[in-house]
Protein chains: 2
Amino acid sequence: MTDIPPLAVLFVASSFLRWYHVSMRQSELFTRTRREAPKDETSKNAQFLIRGGFVEKVMAGVYALLPLGLRAHQKIEAIIRDEMNALGGQEILMPSLHPKENWEKTGRWGTYDSLFRFVSYYSKIEYALGPTHEEIVVPLVQKQNLSYKDFPFAVYQIQTKFRDEKRAKSGLLRGREFSMKDLYSFHASDEDLDTYYEKAKASYRKIFQSVGLGHVTYPTFASGGSFSKYSHEFQTLTMAGEDSIYICDKCDVAVNKEIIADTKNSCPDCGNGSLREEKAVEVGNIFKLKTKYSAPFGLRFKDEKGEEKNVIMGCYGIGLTRLLGTIAEVHHDDKGLVWPESVAPYRAHLIRLGDDEKVAKFADEVYKEFLEKNIEVLYDDREASAGEKLADADLLGMPYRVVVSAKTLRQAQGGHLEKKKVELKKRGEENVVLLDAKELLKQIS
Amino acid sequence: MTDIPPLAVLFVASSFLRWYHVSMRQSELFTRTRREAPKDETSKNAQFLIRGGFVEKVMAGVYALLPLGLRAHQKIEAIIRDEMNALGGQEILMPSLHPKENWEKTGRWGTYDSLFRFVSYYSKIEYALGPTHEEIVVPLVQKQNLSYKDFPFAVYQIQTKFRDEKRAKSGLLRGREFSMKDLYSFHASDEDLDTYYEKAKASYRKIFQSVGLGHVTYPTFASGGSFSKYSHEFQTLTMAGEDSIYICDKCDVAVNKEIIADTKNSCPDCGNGSLREEKAVEVGNIFKLKTKYSAPFGLRFKDEKGEEKNVIMGCYGIGLTRLLGTIAEVHHDDKGLVWPESVAPYRAHLIRLGDDEKVAKFADEVYKEFLEKNIEVLYDDREASAGEKLADADLLGMPYRVVVSAKTLRQAQGGHLEKKKVELKKRGEENVVLLDAKELLKQIS
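So, how was this worked out
- Residues numbered from 1 in each chain as written.
- Chains lettered and ligands numbered in written order.
- Predicted model: local features only at pLDDT ≥ 70, side-chain atom pairs only at ≥ 80, totals over all residues.
- Helix = DSSP H or I, 4+ residues; strand = E, 2+ residues; numbered from the N terminus.
- Rg over C-alpha atoms; globule rule 2.2 N^0.38 Å.
- Buried ≥ 20, exposed ≤ 12 C-beta atoms within 10 Å, placed from the backbone.
- Contact = placed C-beta atoms within 7 Å.
- Axes fitted to C-alpha atoms, helices over the stretch in contact; angles between N-to-C directions.
- Left-handed = near helix turned anticlockwise from the far one by under 90°.
- Nonpolar A, V, L, I, M, F, W, Y, C, P; charged D, E, K, R; others polar.
- Core = buried A, V, L, I, M, F, W, Y, C linked by C-beta atoms within 7 Å.
- pLDDT = per-residue confidence, 0-100.
- Pairing = 2+ DSSP bridges.
- Domains from an automatic or database assignment.
- Least-squares fit on C-alpha atoms with pLDDT ≥ 70 in both.
- Parallel < 35°, antiparallel > 145°, perpendicular 65-115°, else oblique.

Peer 1: Can you lay out the overall build of chain A for me, pointing to particular residues and giving the numbers?
Peer 2: When helices and strands are counted, chain A shows eleven helices and 22 strands. In terms of C-alpha radius of gyration, chain A reaches 25 Å, essentially the compact-globule figure of 22 Å for 445 residues. Principal-axis analysis of the C-alpha atoms places the extent of chain A at approximately 85 × 55 × 45 Å. For chain A, the residues scored as buried account for 53% of the 445 residues in total. When contacts within chain A are restricted to residue pairs at least 6 apart in sequence, those whose partners lie at least 24 apart make up 70%.

Right under this line is the structure:
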């Protein structure tokens, strides 16, 4: 009982999973890039994501994900889902409309910071719009009438959350509507929670590594509330962040400024007293709730001896929308975004320069090669100037830029596709190489 | 320009798509089946879906999807997504929080039936919770500054919607929070919309066929509003439905009762005057909006001659939560659900009867075979009585029930797996056959 049994970790890649197109012709994409950043956005993440047509602002703190932005989001989602499944999490989907009585039961109806609360005009029912789901998941689990043999287990969802922020700011970093993954674990003992908590911590490190933030993300000691000494946040270094953290370079952990006095300005792991302060954004947190939410709902179980006990809980959150914004904040240069390969909307950006018929034909051939090899590619087949196309490629930031032009064609030694050359440049690097199609596909795939 | 160019229809099945487990041990599933239907549910869909642990009611008109229900929902989602991509739709994700001014612009702030409207306590902003997204998608498209060459195109999303229903009822058929797919198409001419509309109609028929409702779903003439003579609903026959439709058996179409007087009690397609009345539920609708929403926002484009015109629009909706409820309503018997193969949470339900060690070992072997062949399977490895397990198999309604017991083992001719027998029964059929593992896998996959 010290461990959540992993569900079968075999996966099926059957036909109902085919929800990504491997490719897109840019001439068909309905979004447009913009030269100028919108005047009402001061954060780099919003500026670049809007200029690239990844997202669109609907109003303060509320964004729409456009095709390229949704793809990046879906990739983040898939990375997180894989890890949650590996942690034994069972996926569910809870609603956003929450009954008032549940929030009254936990005492948070009137006290929860930024809770959207409203009375329906038609039905006169009082609702909260879910910013977190302890108030829903606990009664839901309670209805299952569980015995001690059923623990531990964990459920999670990837879902839209709402917060009535006094000031929405920093683009996607602090919105009023955003997507989150929240996992809740249920245990028969504190020790079992402790074991699972450490597993979840390791899983979180893996996730932030996978999305390209591992090198700047620190497990950070934060307040544990009334039930635990500490909780852990995962804080990513960026000047756009609202938090201040103190990093221990010996342990690669940090302490949130809010509790730095409690730790006597030193690292809780090794006692190191020379910590450096940095600005950061909280991209995830894990928390030992213990009986904080099970008790008010009376979520109890009978142990082996027939004794009734409160269920022990943990909760584990990651903000996906915020993660998307943080990746943009960390991975950009003056010209635009520099997507990590794992979350890039497309792996390659194939660019046809000029309208020369031979160039167009060759570019189409290269595009076809990508499709046949199942390499995700955005194909810039638009009628536009070379300057505009190359600037867009930098702005959109796909990892591999592949240019086909009259110049690259002149390098061809003969009429065969294999002999014709393309130009390959990795985003974020200066080095440009001339390759034939075969070498290209080998390099990219 | 008469056609939306299909995006590349090649798909990639790469690692980031592995979001379904191929299998689940029922002993690990945290949901429980119930013998009794909840007293506050009168509809069959809610009764069976709750008894089976597919969904849980949170409050009137608001449900949570539990692991088995979410799987069915995700399969419906994948079927719809495939068809929307084939229709050239570009997937996006719009928010649920809508600004009041957008709804004022279309005149629907005070008139839209069942619009959730509220004032934020903290930020004092007035919001609507989106029941549909014309008010968001039109300004979003407008920001892209499109020219006549950019038409036609279509965008869609699969997203949570909210309706402040005076009375939530019929379980998942009429909720206050539910998931929908909404696609919006944009055209330079009425003729182009007409062409696309017919394609969408064909695509809808395919979707309802794919989810197992084709035989009872009718394209149904409904009111076209102020801009068109007719719109089309897709109505599925069920006594749980709120609508009445008049079916023309010659054309396999129907007329909504609301406009039957306008069609002079006859079929608009063939003039047939002997129509039969049936109860039905609206599972989808397609509508020629024309300039109804583009005009108030000033969504215009310049045509070839430089003349400014309003963009022509169509909208196309399918309620996924409602579809899940409708499938349960159409596909059940007295004992429980009878899932169509295409949307069943798992293809097979492997049931181990008795705790005999040899039986358990053999059942584990069969389970492993399923995993190796990538056949989705729910494995009932619980310690429970045969009666309980078989009743649960009927209630849960997976298409193929596979029983391993001391009895089936006695049929074995030797020690080899190939010789050992299992019992196969299709849900909804009475016929039971004894097979060895090899034959079984051939029959099921």
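Still more ground to cover, so stick around.
Peer 1: If you had to explain the packing of helix 2 (residues 67–86) of chain A against helix 7 (residues 320–330) of chain A to someone new, which residues and values would you point to?
Peer 2: Residues and elements named next belong to chain A. At their nearest, the axes of helix 2 and helix 7 sit 10 Å apart, and the two run at 115° to each other. In the crossing of helix 2 with helix 7, the sense of the turn from one axis to the other is right-handed. Touching Ala-72, His-73, Ile-76 and Glu-77 of helix 2 are Leu-320, Leu-323 and Leu-324, all from helix 7. Here the contact of helix 2 with helix 7 is composed, by residue class, of five nonpolar, one polar and one charged.

Peer 1: Mind laying out the interface of chain A and chain B, listing which residues take part and the relevant values?
Peer 2: Where the parts come together, the accessible area they lose is often given as the size of the interface. Every contact between the two is made by 71 residues of chain A and, on the other side, 71 residues of chain B. Looking at the side of chain A that touches chain B, the element that brings in the most residues is helix 2 of chain A, giving eight residues. Among the residues making up the side of chain A that touches chain B, the classes are represented as 41 nonpolar, 13 polar and 17 charged.

Peer 1: For the nonpolar core, give the residues involved together with the corresponding values.
Peer 2: By size, the foremost hydrophobic cluster in this structure holds 258 residues, and its most contacted members are Ala64(A), Leu350(A), Ala64(B) and Leu350(B). Setting aside anything within four residues of it in sequence, one finds Leu350(A) in contact with Ala363(A), Val366(A), Tyr367(A), Phe370(A), Val377(A), Tyr379(A), Asp380(A) and Val402(A).

Peer 1: Account for the environment of His133(A), naming residues and giving values.
Peer 2: All names here are of chain A. For His-133, the position within the fold is in the loop between strand 7 (126–129) and helix 4 (134–142). For His-133, a count of 26 C-beta atoms within 10 Å puts it in the buried group. Counting along the chain gives 38 residues from His-133 to Pro-95, while the straight-line C-alpha distance between them is 8.9 Å. Those residues in contact with His-133, other than ones at most four positions away along the chain, are Met-94 and Asp-182.

Peer 1: I'd love a proper account of unusual backbone geometry, names of residues and values included.
Peer 2: A cis geometry characterises the amide bond from Phe151(A) onward to Pro152(A), with omega recorded as -5°. With respect to the secondary-structure elements, Pro152(A) resides in the loop between helix 4 and strand 8 (153–162). Positive phi is not limited to glycine here, since Asn265(B) has a value of about 55°. With respect to the helices and strands, Asn265(B) occurs in the loop between strand 13 (253–256) and strand 14 (276–290).

Peer 1: I'd like a description of the confidence of the model for chain A, backed by residues and values.
Peer 2: Mean pLDDT over chain A stands at 92; residues scoring 70 or higher make up 93%. Scored as a complex, the prediction yields pTM 0.94 and ipTM 0.94.

Peer 1: Quick rundown of the environment of Ile259(A)? Include the residues and the values.
Peer 2: Considering the arrangement of structural elements, one finds Ile259(A) in the loop between strand 13 (253–256) and strand 14 (276–290). Those residues in contact with Ile259(A) that sit more than four places away from it in its chain are Phe221(A), Ala222(A) and Ser223(A).

Peer 1: If you had to explain the sheet that holds strand 7 of chain A to someone new, which residues and values would you point to?
Peer 2: Residues and elements named next belong to chain A. Strand order in the open sheet formed by three strands is 5-7-6, and the pairing between neighbours is antiparallel. Of all the strands in the sheet, the pair left with one neighbour each is strand 5 (97–99) and strand 6 (116–119). Recorded for the sheet is a direction-independent mean angle of 35° between the axes of neighbouring strands. Sheet analysis places strand 6 next to strand 7, joined by four bridges and oriented antiparallel. Residue pairing across strands places Phe-116 opposite Leu-129, the latter belonging to strand 7.

Peer 1: So, the domain arrangement of chain A: which residues are in play, and what are the values?
Peer 2: As far as domains go, chain A holds domain 1 (31–330) and domain 2 (348–444). A separation of 41 Å is found between the C-alpha centroids of domain 1 of chain A and domain 2 of chain A.

Peer 1: Can you explain the relation of the copies chain A and chain B? Please cite residues and give values.
Peer 2: Here chain A sits on chain B after a turn of 180° about the axis and a move of 0.0 Å along it, with an RMSD of 0.0 Å. On the angle and the small slide along the axis, the relation comes out as a two-fold axis.

Peer 1: Summarise the sheet that holds strand 6 (residues 116–119) of chain B; cite the residues concerned and give the values.
Peer 2: All names here are of chain B. Taken in spatial order, the three strands make up an open sheet running 5-7-6, and their pairing is antiparallel. Pairing within the sheet leaves two strands with one partner each, and these edge strands are strand 5 (97–99) and strand 6. Mean inter-strand twist for the sheet, computed between neighbouring axes without regard to direction, equals 35°. Relative to strand 7 (residues 126–129), strand 5 is paired through three bridges, and the arrangement is antiparallel.

Peer 1: If you had to explain the pairing of strand 24 (residues 432–436) of chain B to someone new, which residues and values would you point to?
Peer 2: Residue and element names in this part refer to chain B. Of the pairings in the sheet, the one linking strand 23 (residues 421–426) to strand 24 comprises five bridges and is antiparallel in character. Each bridged residue has a counterpart across the sheet, and for Lys-425 the counterpart in strand 24 is Val-432. Counting the residues that bridge the hairpin from strand 23 to strand 24 gives five residues, and of these Gly-428 lies at a positive phi of roughly 95°.

Peer 1: Talk me through the pairing of strand 12 (residues 243–248) of chain A; I want residue IDs and the actual numbers.
Peer 2: Residue and element names in this part refer to chain A. As judged from the five bridges shared by strand 12 and strand 14, these two strands associate in the antiparallel manner. Counted as the bridge partner of Ser-244 is Lys-279 from strand 14. Of the strand pairs in this sheet, strand 12 and strand 13 are connected by four bridges, and their pairing is antiparallel. Looking at the pairing, Tyr-246 lines up with Val-255 of strand 13. Between the end of strand 12 and the start of strand 13, which pair antiparallel, lie four residues, with Asp-252 showing a positive phi angle near 55°.

Peer 1: How would you sum up the environment of Leu183(B)? Please name residues and give values.
Peer 2: Residue and element names in this part refer to chain B. Along the polypeptide, Leu-183 turns up in strand 9 (residues 177–187). For the pair Leu-183 and Lys-257, spaced 74 residues apart in sequence, the C-alpha to C-alpha distance is 26 Å. Not counting the four nearest positions on each side in its chain, Leu-183 is found in contact with Met-84, Gly-89, Ala-154, Tyr-156 and Tyr-316.

Peer 1: Explain the packing of helix 1 (residues 44–51) of chain A against helix 7 of chain A to me, using residue names and the numbers behind them.
Peer 2: Residue and element names in this part refer to chain A. Between helix 1 and helix 7, whose axes approach to 8 Å, the crossing angle comes to 95°. Viewed along their axes, helix 1 and helix 7 adopt a mutual orientation that is roughly perpendicular. Residues Lys-44, Asn-45, Phe-48 and Leu-49 of helix 1 form the contact with helix 7, whose participating residues are Gly-325, Ala-328 and Glu-329.

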